[in-house]
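Spelled out, the chains give:
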Amino acid sequence: MSAALWSRTNAGSFRVAMLAMAGVGLLVAALPVLVIVIMSFSGDTGLEFPPRSLSLRWYSSAFDVLRGEGSDSTVSAFEAMTTSFTVGAVTMIASVLACVPLAYALVRSIGRWRHGVQLLFTLPLVFPLVVLGVAYLLLAETLAQRTGVELGLWRLAIPHIALALPFVLRNCLSAMHGVGRDLEEAAMSLGASPLRAAVDVVVPLMKPGILAGLIFAFIISFNEFTVSFFMYTIDVRTLPIWMYSRTVSSLDPTTLAISTLIIGLDVALIAWVDKLVAGKGRLF
């Protein structure tokens, strides 16, 4: 066998192996989602896969539930959904307000402290979420017992912000690395103060990273369950917690339709992030 033929054969085998591995990975990642989506269109009264008939009945029921109709629980699905959107919005704003100046300081500074700060902000990624949930629960309960202060929505928002910060910071750092110092110096040479140069020059150039961070923060907050399970109260709970409470005794097909709607929202937001980062989309 010639060297050229041997090289082509090996290249073909390597390509097939890579495609097979990619296919297996995609199947493992997408199979649960496909099962949920298919079952959400089931026309059966019970859960049987594959469904014997197709229908939109569970989507009709899902929209009724999300509007708060026929709720027999303390917190309706509409209230839980409103809480999720509110906490997600708070998480978005607080995370970006913290990460934009921090990213600026980390990129423009030269001290060794930068690596320590970046490591500190990655801790929520490596800590078990159950441990974080217990820790935040202890802090919230201790604060309530000693001061009488009830955090309300902030009981959920603070842990969500901590979980979103690493992702928002990474996006802001990536955007900040693309902003040259010479642009600030040019603005200051024209009479702008350092703060004015940062606000009017640097922040607009960081826009793709900031917008991507905003959307990632919302997605993380809206879908978060583990830490929220420790932090929710009778009156304040998110949509994932409400869905869990509805399926803890028996799996309600309505929750499958709600899950599919959430998956569609997440996919749309991620596609939006891709366009924003590529400069082909706008937030407003």
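The structure under discussion appears in the preceding block.
About the cut-offs
Residues numbered from 1 in each chain as written. Predicted model: local features only at pLDDT ≥ 70, side-chain atom pairs only at ≥ 80, totals over all residues. Heavy atoms only, no water. Helix = DSSP H or I, 4+ residues; strand = E, 2+ residues; numbered from the N terminus. Buried < 20%, exposed > 50% of the residue type's maximum accessible area, 1.4 Å probe, protein only. Areas by Shrake-Rupley, 256 points an atom, 1.4 Å probe, with all protein chains shown as cover. Patch = residues over 30% accessible without salt bridge, like charges linked within 9 Å, V, L, I, M, F, W, Y side chains within 5 Å. Salt bridge = Lys/Arg side-chain N within 4 Å of Asp/Glu carboxyl O. Core = buried A, V, L, I, M, F, W, Y, C linked by side-chain atoms within 4.5 Å. Contact = heavy atoms within 4.5 Å. Axes fitted to C-alpha atoms, helices over the stretch in contact; angles between N-to-C directions. Parallel < 35°, antiparallel > 145°, perpendicular 65-115°, else oblique. Left-handed = near helix turned anticlockwise from the far one by under 90°. Nonpolar A, V, L, I, M, F, W, Y, C, P; charged D, E, K, R; others polar. Expected span 1.5 Å × (residues − 1). Phe/Tyr/Trp six-rings, centres within 6.5 Å; stacked < 30°, edge-to-face > 60°. Polar contact = N/O pair within 3.5 Å; in protein donor to acceptor, adjacent residues only side chain to side chain.

Peer 1: For this particular structure, what's the right way to read the overall build of the protein?
Peer 2: Looking only at helices and strands, one finds 13 helices and zero strands in the protein. Listing each helix as α and each strand as β along the protein from the N terminus yields α-α-α-α-α-α-α-α-α-α-α-α-α. Counting all 284 residues of the protein, 36% fall into the buried class. Carbon and sulfur atoms provide 69% of the accessible area of the protein, an area that totals close to 16400 Å².

Peer 1: I tried to follow a nonpolar patch on the surface on my own but got confused; where do I start?
Peer 2: There is a patch of nonpolar side chains on the surface, built from L120, L123, L125, V126, F127, V131 and F167 and spanning about 630 Å² of accessible area. Sorting elements by how many residues they give to the nonpolar patch places helix α5 (residues 123-126) first, with three residues. As for its position among the elements, F127 is in the loop between α5 and α6 (129-147).

Peer 1: Whenever I open this one, the pattern of salt bridges confuses me. Can you help?
Peer 2: A side chain with one charge may pair with a side chain of the opposite charge, provided their charged atoms come close. Overall, the coordinates contain two salt bridges when judged by the stated rule. A salt bridge links E141 to R155, with the shortest nitrogen-to-oxygen separation between them at 2.9 Å. Taken together, the positions of E141 in helix α6 and R155 in helix α7 (residues 154-177) put the pair 14 residues apart, joining distant regions of the chain. Given the relative accessible area of 32%, E141 is considered partly exposed. According to the relative accessible area criterion, R155 is buried, its value standing at 10%.

Peer 1: When you look at the nonpolar core in this model, what are you seeing that I'm missing?
Peer 2: Across soluble globular proteins, you tend to see nonpolar side chains buried next to one another. Residues A103, L169, C172, M206 and I210 are the most contacted members of the largest nonpolar core, which totals 24 residues. Among the elements of the structure, α3 (77-108), α7 and α10 (207-223) are those that each provide at least two residues to this core. Sort the elements by how many residues they give to this core and α7 lands first, with nine residues. What M206 contacts, discounting residues up to four positions off in sequence, is V100, A103, C172, A175, M176 and V179. Formed by 21 residues, the second largest nonpolar core is a distinct cluster that contains M81, A212, M243 and I258.

Peer 1: In this structure, what is going on with the packing of α6 against α7? I would like to understand it.
Peer 2: Packed helices, taken two at a time, are described by the angle between their axes plus the distance between the axes. Between α6 and α7, the shortest axis-to-axis distance is 11 Å and the interhelical angle comes to 140°. By the angle class used here, α6 and α7 are oblique. Classified by chirality, the crossing of α7 by α6 is right-handed. Residues L129, L132, Y136, L137, A140 and E141 of α6 pack against R155, I158, P159, A162 and L163 of α7. Partitioning the contact of α6 with α7 into residue classes produces nine nonpolar, no polar and two charged.

Peer 1: What am I meant to see in α10 here?
Peer 2: Count 3.6 residues to each turn of an α-helix, and residues three or four apart come out pointing the same way. Compared with the 24 Å implied by 1.5 Å per residue over 17 residues, the 24 Å span of α10 between its first and last C-alpha is a close match. By the criterion of burial, α10 is predominantly enclosed, with 13 of the 17 residues buried.

Peer 1: Would you mind showing me how to read the packing of aromatic side chains here?
Peer 2: Enumeration according to the criterion identifies nine aromatic pairs in this entry. When the ring of F229 is compared with that of F230, the centres are 6.2 Å apart and the planes differ by 85°; the resulting orientation is edge-to-face. Take F229: its relative accessible area is 34%, and that puts it in the partly exposed class. Here the aromatic residues F225, F229, F230, Y232 and Y244 are joined through ring pairs into a cluster of three or more.

Peer 1: Just checking my understanding: could you explain the side chain of N171 for this structure?
Peer 2: Here N171 lies in helix α7. Under the relative-accessibility criterion, N171 is labelled buried at 19%. Looking at N171, its side chain comes within polar contact range of the main-chain oxygen of F167, at 2.8 Å. Discounting residues that sit within four places of it in the chain, N171 has contacts with G209, A212, G213 and F216.

Peer 1: In this structure, what is going on with the packing of α3 against helix α4 (residues 113-121)? I would like to understand it.
Peer 2: The geometry of α3 relative to α4 is characterised by a closest axis approach of 9 Å and an angle of 145° between their N-to-C directions. Crossing geometry of α3 relative to α4 is assigned as left-handed. Counting all contacts with α3, which are made through L102, A105, L106 and V107, the residues of α4 involved are W113, R114, V117, Q118 and F121.

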